[in-house]
Amino acid sequence: MLVFLNATDVNAESPVNRYMPKYVPRDEAFEDLRTAAIIEGKWKVMLSSLFPTLKEASINSDVIKTFSDINDLYKESPPFEIKSKDEFWEKVHLPRMLRKMIKESMQDIFKFDPPNIISRDILSCCLRDDELGRLTLAGMNPLSIERLKVFPPVSKLDPSIYGPQDSALREEQIVCHLNGMSVQQALEENKLFILDYHDVYLPFLNRINAYQSKKAYATRTIFLLTHMGSLKPIAIELSLPGKNQNVPSKRVLTPAVDATTCWLWQLGKAHVCSNDAGVHQLIQHWLRTHACLEPFIIAVHRQLSVMHPIYKLLHPHTRYTMDVNAQGRQLLLNAGGKIESHLSTAECSTEITASAYQNWWRFDMESLPADLIRRGLAVPDPTQPHGLKLLIEDYPYANDGLLIWSAIEELVQTYVNYYYPEANSIQSDSELNAWYCESINVGHADICHASWWPKLSTPNDLISILTTIIWVASAHHAALNFGMYPYGGYVPVRPPFMRRLVPNEHDSDYATFLADPEGYFLASLPCLGEMLRYISVLHILSSHSADEEYLGDIKDLSTWSGDPEIVEAFYKFSMEMRRIGKEIEKRNADPKLRNRCGAGVSPYELLMPSSGPGVTCRGVPNSVSL
């Protein structure tokens, strides 16, 4: 039977229309405070898209001339001024009042708070080697670094399609950086680590490099773990599809020995960071948190009643995620949207994400301990506090993350054992089993037959599944999301894409590079308008709203008023989050931890549980709420 609801009916929902082509159930939609913050953010993006266009028109060039042009974007820099003002405003056909408003606000509209990466080191215009290593462990994307297990590294791509699997890296290229060790000795002593984006990018490079304004490699970066516990980059491999006989398909750069190799090394690191920006946004962030959690969240609402104990446990960790994802698909991941415009992956972005999902993502590897072991960053050790021994002892993301992981696990263990004391109570719960079955078979239908999906038969199975979901929704997402502007907001250090390849001696513009290497580097970066639009988006996505609910916040425990043991467990969890916050503060003040403390080094606070509103580079919300 069809029931027609009119506009005054309190049970009516607004239909999807061409102006708002997304639907989110009302109980999952943004509340008024969050909606206001989103609207304000959209206006900022619109303004940031307008004024760069006006400035570019005034200088008649899309190439940045000096680093000062970039530093002028931040509040600690001198005010921005348009050259040839009168001539410029004559060309801009706008109403007089609007022109006056724009001119009066022009001094501030470009100004951003300096990101963490430059707020203490504004004069460093290129990425230092030590900073590349540190940010790999304590920056915007601390989830891609792996221990190198085989040298040279070997591709897993089909050689009949993508060419030989062998790497161009050789022992003689790096042995001088190994402090007297051979490569084999360094491997055995767990001293070599790698950022390996070769297989992620290589299948798509021909399409990416077909763009005039976007150029990319498939990169591999080798790091040495120093005696001080920091990572030092010692080689970068740049790979292209091997179809052009005039251009080598693989090239290796090593740390600088003279002026020319210094600039080549800087360009190589910029391409590494460009690769990393794409993997961070598409795989580590969107795929692993937003996309892969959504089926579990939808199934929660479809299969669990609001009185079900697992619904009540998970509900805070589902807040806003469906609306965030709907907005993301509409504004960020859509064809021609922000992701395709601002990342080197361009129109291949969704395909890269889909490939990673099909060939790499596994739910059973999403727990923090399993992820660290898979990447070779930890080994099981029952004598250690969390049952793991980290092979890089000063790994801020892992060190702080394990504190939160263990606290979540303890809370979930208490909760599950209270409501499900025996295995048969799990097996007889039809709602619970329907939730998990739908999450896999409907939500993850493409890979539902994979053998690695965890079984749901015992309380321990449920504890593991729920702990992983809560971890990914809270701390895992926070570590990847709220550092985007603080660690990615200075484009010369972390460009989202590059416009030129690294020159070699046979290139026609190699002489131009030799004559003006700084100019070549700047011309390789996105133009000023692209930079501003990109960092405007990062600034919005890195912001906490005033209505954020953080891990350990106690809002209302009345739903468990009849279960004092559960109420006590939540209070204990809240106190543990406060203790973790104090422990992180203590670690950030320890000079022996060089990856989070030192001259000009920003403290690692992304896993600090609490935060105020705005861009704070800290705070762990309960859910994927932005």
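Each chain has its residues counted from 1, following the order in which its sequence is written. Per-residue local features of the predicted model are confined to residues with pLDDT of at least 70, and side-chain atom pairs are confined, for both listing and counting, to 80 or more; whole-chain, interface and lining totals are unaffected and use all residues. Side-chain measures here rest on the full set of heavy atoms in the structure, leaving out hydrogens and waters.

A.B. asks: I'm lost on the overall build of the protein chain in this one. Help?
C.D. replies: Secondary structure elements follow DSSP: runs of H or I no shorter than four residues count as helices, runs of E no shorter than two count as strands, and numbering proceeds from the N terminus. The helix and strand tally for the protein chain stands at 26 helices and 7 strands. Under the scheme applied here, a residue whose accessible area is under 20% of the maximum for its type counts as buried, over 50% as exposed, and between as partly exposed, the area being computed with a 1.4 Å probe on protein chains only. Here the protein chain, with 626 residues, has 54% of them falling under the buried criterion. Nonlocal contacts in the protein chain, meaning residues at least 24 apart in sequence, comprise 75% of its contacts between residues at least 6 apart. By element, 54% of the accessible surface of the protein chain is carried by carbon and sulfur atoms, the whole surface being about 27800 Å². Note on definitions: a residue-residue contact is assigned when non-hydrogen atoms from the two residues lie within 4.5 Å. Exposure was quantified through the Shrake-Rupley algorithm and a 1.4 Å probe, taking into account, for residues, occlusion by the shown protein chains and nothing else.

A.B. asks: Sorry, what's going on with the packing of aromatic side chains here?
C.D. replies: The way to describe two aromatic rings as a pair is by their centre distance and the angle between their planes. The rule is short: rings of Phe, Tyr and Trp, with Trp giving its six-membered ring, pair when the centres are within 6.5 Å, and they are stacked under 30 degrees, edge-to-face over 60, tilted in between. Tallied over the full model, the rule gives 21 aromatic pairs. Measuring from ring centre to ring centre gives 6.5 Å for tyrosine 397 and tryptophan 471, while their planes differ by 55 degrees; the resulting arrangement is tilted. Taken as a pair, tyrosine 397 in helix H18 (residues 396–419) and tryptophan 471 in helix H21 (residues 459–481) lie far apart in primary sequence, 74 residues in all. The pair formed by tyrosine 397 and tryptophan 471 is uniform in burial state, with each residue classed as buried. Joined through ring pairs, the aromatic side chains of Phe296, Tyr357, Trp361, Phe363, Trp435, Tyr436, Trp452 and Trp453 make up one cluster. Throughout this description, the term charge over a ring refers to an Arg CZ or Lys NZ atom that lies within 6 Å of the ring centre and within 35 degrees of the ring normal. The lysine or arginine in question, lysine 214, covers the ring of phenylalanine 497, its NZ or CZ lying 5.0 Å from the ring centre. Lying across the ring of tyrosine 520, arginine 500 places its NZ or CZ 4.5 Å from the centre.

A.B. asks: What exactly am I supposed to notice about the packing of helix H12 (residues 259–303) against helix H14 (residues 321–331) here?
C.D. replies: The description of two packed helices rests on the angle between their axes and on the distance between the axes. The contact between H12 and H14 brings their axes to 9 Å, and the two run at 130 degrees. Of the possible angle classes, the one that applies to H12 and H14 is oblique. In the crossing of H12 with H14, the sense of the turn from one axis to the other is left-handed. Packed against H12, whose contacting residues are Trp286, His290, Ala291, Glu294, Ile297, Ile298 and His301, the element H14 presents Thr321, Met322, Val324, Asn325 and Arg329 at the interface. Three classes are used: nonpolar for Ala, Val, Leu, Ile, Met, Phe, Trp, Tyr, Cys and Pro, charged for Asp, Glu, Lys and Arg, and polar for all others, with Gly counted as polar. For the contact of H12 with H14, the class distribution of residues is 6 nonpolar, 4 polar and 2 charged. Orientation is described by axes fitted as lines to C-alpha atoms, over the contacting stretch for helices, and by angles from 0 to 180 degrees between their N-to-C directions. Any angle from 65 to 115 degrees is called roughly perpendicular, while one under 35 is roughly parallel, one over 145 is roughly antiparallel, and all others are oblique. Handedness of a helix crossing follows the sense of rotation of the near helix relative to the far helix, less than a right angle counterclockwise being left-handed and clockwise being right-handed.

A.B. asks: Even after reading the chapter, I still don't get the pairing of strand E2 (residues 192–196), so can you show me in this structure?
C.D. replies: On a regular strand, one side chain projects to one face of the sheet and the next to the other, so that they alternate. Burial analysis of E2 places 4 of its 5 residues in the buried class, the great majority of the element. Two strands make a pair as long as DSSP finds a minimum of two bridges between them. Sheet topology note: the strand E1 (residues 146–147)/E2 ladder contains 2 bridges and is antiparallel. Bridging from a neighbouring strand, glutamate 146 pairs with isoleucine 194 of E2. Here E2 runs beside strand E3 (residues 218–225); their pairing, made up of 5 bridges, is antiparallel. Residue pairing in the sheet places phenylalanine 193 in a bridge with phenylalanine 223 of E3.

A.B. asks: Looking at this structure, I do not really get the side chain of aspartate 563. What am I missing?
C.D. replies: Turning to its location among the elements, aspartate 563 is positioned in the loop between helix H25 (528–541) and helix H26 (564–588). Aspartate 563 has contacts with Tyr418 and Tyr419, leaving out every residue within four places of it along the chain.

A.B. asks: Whenever I open this one, the environment of isoleucine 339 confuses me. Can you help?
C.D. replies: By secondary structure assignment, the location of isoleucine 339 is in helix H15 (residues 338–342). Once the C-alpha coordinates of isoleucine 339 and leucine 282 are considered, the two residues, 57 residues apart in sequence, prove to be 8.6 Å apart. For isoleucine 339, the contacting residues outside a window of four places in its chain are Gln281, Leu282, Leu332, Leu333 and Ser349.

A.B. asks: Whenever I open this one, helix H24 (residues 517–524) confuses me. Can you help?
C.D. replies: Since there are 3.6 residues in each turn of an α-helix, residues three or four apart along the chain are aligned in direction. Here H24 lies mainly inside the structure; 7 of its 8 residues are buried. Regarding H24, the residues found buried are Pro517, Gly519, Tyr520, Phe521, Leu522, Ala523 and Ser524. Tucked into the core, H24 has its buried residues touching helix H2 (67–71), H12 and helix H23 (510–515).

A.B. asks: What exactly am I supposed to notice about unusual backbone geometry here?
C.D. replies: Glycine aside, a negative phi is what most residues show, and trans is what most peptide bonds show. In the segment running from phenylalanine 151 into proline 152, the intervening peptide bond is cis, with an omega of -5 degrees. As for its placement among the helices and strands, proline 152 is situated in the loop between E1 and helix H7 (159–162). Phi angles above zero are rare outside glycine, and asparagine 190 is one such case at about 60 degrees. Positioned with a positive phi, tyrosine 320 is a non-glycine residue whose angle comes to about 70 degrees.

A.B. asks: Sorry, what's going on with the pairing of E3 here?
C.D. replies: Taken across its 8 residues, E3 has 8 buried, putting it largely inside the fold. Burial along E3 is two-sided: the residues Ala218, Arg220, Ile222 and Leu224 and Thr219, Thr221, Phe223 and Leu225 are all buried. Note that E3 and strand E4 (residues 231–239) share 8 bridges and pair antiparallel. Opposite arginine 220, over in E4, you have glutamate 237 as the bridge partner. Counted between consecutive antiparallel strands, the loop separating E3 from E4 contains 5 residues, among which glycine 229 sits at a positive phi close to 90 degrees.

A.B. asks: Could you clarify how one ought to interpret helix H20 (residues 430–441) in this entry?
C.D. replies: Helices are assigned an expected span. That span is 1.5 Å times one less than the residue count. Taking 1.5 Å of rise per residue, the 12 residues of H20 would be expected to cover 16 Å, and the 16 Å separating its terminal C-alpha atoms lies within 8% of that figure. Every buried residue of H20 is listed here: Leu432, Trp435, Tyr436, Glu438, Ser439 and Ile440. Where H20 is buried, its residues meet H12, helix H13 (309–314), helix H19 (423–427) and H21. Any N or O atom pair separated by 3.5 Å or less is treated as a polar contact, with the protein-specific requirement of one donor-capable and one acceptor-capable atom, and with residues adjacent in sequence counted only for side-chain atom pairs. Two to three positions downstream of the cap, the backbone nitrogen of glutamate 431 sits 3.2 Å from a side-chain oxygen, assigning the N-cap of H20 to aspartate 429.

A.B. asks: Help me understand the nonpolar core in this model?
C.D. replies: Looking at soluble globular proteins, one finds that nonpolar side chains tend to be buried together. For this analysis, a nonpolar core means a set of buried residues of the types Ala, Val, Leu, Ile, Met, Phe, Trp, Tyr and Cys, connected via side-chain atoms within 4.5 Å. Ranked by size, the top nonpolar core spans 153 residues in total, and within it Leu372 and Trp435 carry the most contacts. Sort the elements by how many residues they give to this core and H12 lands first, with 18 residues. Core analysis: the second largest hydrophobic core is formed by 15 residues, Ile174, Met181, Ala186 and Ile234 among them.

A.B. asks: What's the story with the sheet that holds strand E5 (residues 250–253) in this structure? I'm lost.
C.D. replies: Working definition: the strands of a sheet are paired by backbone hydrogen bonds and lie parallel or antiparallel to each other. Across the sheet, 5 strands lie side by side as E1-E2-E3-E4-E5; this open sheet has antiparallel pairing. Two strands close off the open sheet at either side, each with one partner strand: E1 and E5.

A.B. asks: What should I look at first to understand the packing of H12 against H20 in this one?
C.D. replies: Remark: H12 packs on H20, axes separated minimally by 8 Å, with the N-to-C direction vectors making an angle of 145 degrees. Relative to H20, H12 is oriented so that their crossing is right-handed. Two secondary-structure elements touch here, H12 through Pro295, Phe296, Ala299, Val300, Arg302 and Gln303 and H20 through Glu431, Ala434, Trp435, Tyr436, Glu438 and Ser439. Class assignment of the residues belonging to the contact of H12 with H20 gives a composition of 7 nonpolar, 2 polar and 3 charged.

A.B. asks: So what exactly am I meant to see when it comes to the pattern of salt bridges here?
C.D. replies: Oppositely charged side chains can pair when the atoms bearing their charge come close. A carboxyl oxygen of Asp or Glu within 4 Å of a side-chain nitrogen of Lys or Arg is what we treat as a salt bridge. The full count for this structure, using the stated rule, is 21 salt bridges. Here arginine 207 and glutamate 351 are joined by a salt bridge, their closest N and O atoms 2.6 Å apart. Note that arginine 207 is positioned in helix H11 (residues 205–208) and glutamate 351 in helix H16 (residues 349–359), a separation of 144 residues in sequence. On the accessibility criterion, arginine 207 (33% relative accessible area) is partly exposed. Ionic pairing is found between arginine 288 and glutamate 366, a salt bridge with its closest N-O pair at 3.1 Å. Here the residue arginine 288 occupies a position in helix H12, and glutamate 366 occupies one in the loop between H16 and helix H17 (368–374), the gap between them amounting to 78 residues. Glutamate 366 carries the same exposure label as arginine 288, and that label is buried. Three or more residues joined by partner-sharing salt bridges are found here, namely Arg288, Glu366, Asp371 and Arg375.

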